[in-house]
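Fold and geometry: a report
Spelled out from the first residue to the last, the chains are:
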Amino acid sequence: RRVTGRKPLELPLNAGMMRLAARLFDRVGSYIKMDLPLTAEGISYATHWVPMDSRSVEQGLGIGFRPVEDSFRDAINWLCTAGYVTPGQAGNAAA
């Protein structure tokens, strides 16, 4: 919302439901000839992350990560430029 100015679609699902939905999409996708946004492999990876804290490394090396808003803005702008999303979908992130 901070990047695009739009309210995102939110579907509150726990990790198990997300993995189930992704397995279903994997099966259905081959029949409906549609590129679906979820795969069982991708959701399995996304739902098994181990939390970590990088503050000591950042402080020790004197570096910092790029703000996530900048990364999202650049990614959404590229998706818009490449024709994957419309300027309306990209909102404020469209160039």
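Residues numbered from 1 in each chain as written. Predicted model: local features only at pLDDT ≥ 70, side-chain atom pairs only at ≥ 80, totals over all residues. Heavy atoms only, no water.

So, the packing of aromatic side chains
The line we're drawing: Note on aromatic contacts: the rings of Phe and Tyr and the six-membered ring of Trp form a pair at centre separations within 6.5 Å, being stacked when their planes are under 30 degrees apart, edge-to-face when over 60 apart, and tilted otherwise. Relative accessibility thresholds used throughout: buried, under 20% of the residue-type maximum; exposed, over 50%; partly exposed, between the two (1.4 Å probe, protein chains only).
For the coordinates displayed, the defined rule picks out two aromatic pairs. Look at Tyr-45 and Trp-49: their rings are 5.7 Å apart centre to centre, the planes differ by 65°, and that puts the pair in the edge-to-face class. Each member of the pair, Tyr-45 as well as Trp-49, carries the same accessibility label: exposed. Ring centres of Trp-78 and Tyr-84 lie 5.6 Å apart, and the angle between their planes is 25°; this geometry places the pair in the stacked category.

Describing the pattern of salt bridges
Here is the rule: Any Lys or Arg side-chain nitrogen located within 4 Å of an Asp or Glu carboxyl oxygen qualifies as a salt bridge. Helix and strand definitions here come from DSSP, where helices need a minimum of 4 consecutive H or I residues and strands a minimum of 2 consecutive E residues; each element is numbered from the N-terminal end.
Taken as a whole and assessed by the stated rule, the structure comprises four salt bridges. With its nearest N and O atoms 2.3 Å apart, the salt bridge here joins Arg-2 to Glu-69. Placement of Arg-2 in the segment before α1 (15-32) and of Glu-69 in helix α4 (residues 68-81) is noted, with a sequence separation of 67 residues between them. Residue Asp-74 pairs with Arg-66 through a salt bridge whose shortest N-O separation is 2.1 Å. Taking relative accessible area as the criterion, Asp-74 reaches 42% and is therefore assigned partly exposed. Classification of Arg-66 by relative accessible area gives partly exposed; the value is 48%.

Brief notes about the layout of surface pockets
Unoccupied space between atoms shows up once a probe the size of one water molecule is rolled over them. Counted only if it meets this: Here the term cavity refers to a set of points on a 1 Å grid, laid over the protein atoms alone, in which a 1.4 Å probe fits but cannot get out; the term pocket refers to an open set having protein on both sides within 12 Å along at least five of seven lines, with lining residues being those that place an atom within 4 Å of a point. Grid points are joined across faces, edges and corners, and a volume is the space filled by probe spheres set on the points.
The computed volume of the largest pocket comes to approximately 330 Å³. Looking at the largest pocket, it is lined by 15 residues, and the ones nearest its centre are Thr-4, Arg-6, Pro-8, Ile-76 and Gln-89. Of all elements in the fold, only α4 and α5 (87-90) reach the threshold of two or more residues within the lining of the largest pocket. In terms of residue count, the dominant contributor to the lining of the largest pocket is α4 (five residues).

Describing the nonpolar core
Inclusion rule: Think of a nonpolar core as a cluster: buried Ala, Val, Leu, Ile, Met, Phe, Trp, Tyr and Cys residues, connected wherever their side-chain atoms sit within 4.5 Å. Here a residue-residue contact requires only that any non-hydrogen atoms of the pair lie within 4.5 Å.
Core analysis: the biggest nonpolar cluster contains five residues, these being Val-3, Ile-76, Cys-80, Ala-90 and Ala-93. If near-sequence neighbours (up to four positions away) are discounted, Cys-80 is found in contact with Val-85, Thr-86, Pro-87, Ala-90 and Ala-94.

So, the confidence of the model for the protein
What counts here: The pLDDT score gives, residue by residue, the confidence of the prediction method on a 0 to 100 scale.
In the predicted model, the protein carries a mean pLDDT of 89, and 100% of its residues have values of at least 70. Across the protein, α4 holds the top mean pLDDT of 94, while α1 sits lowest at 87.

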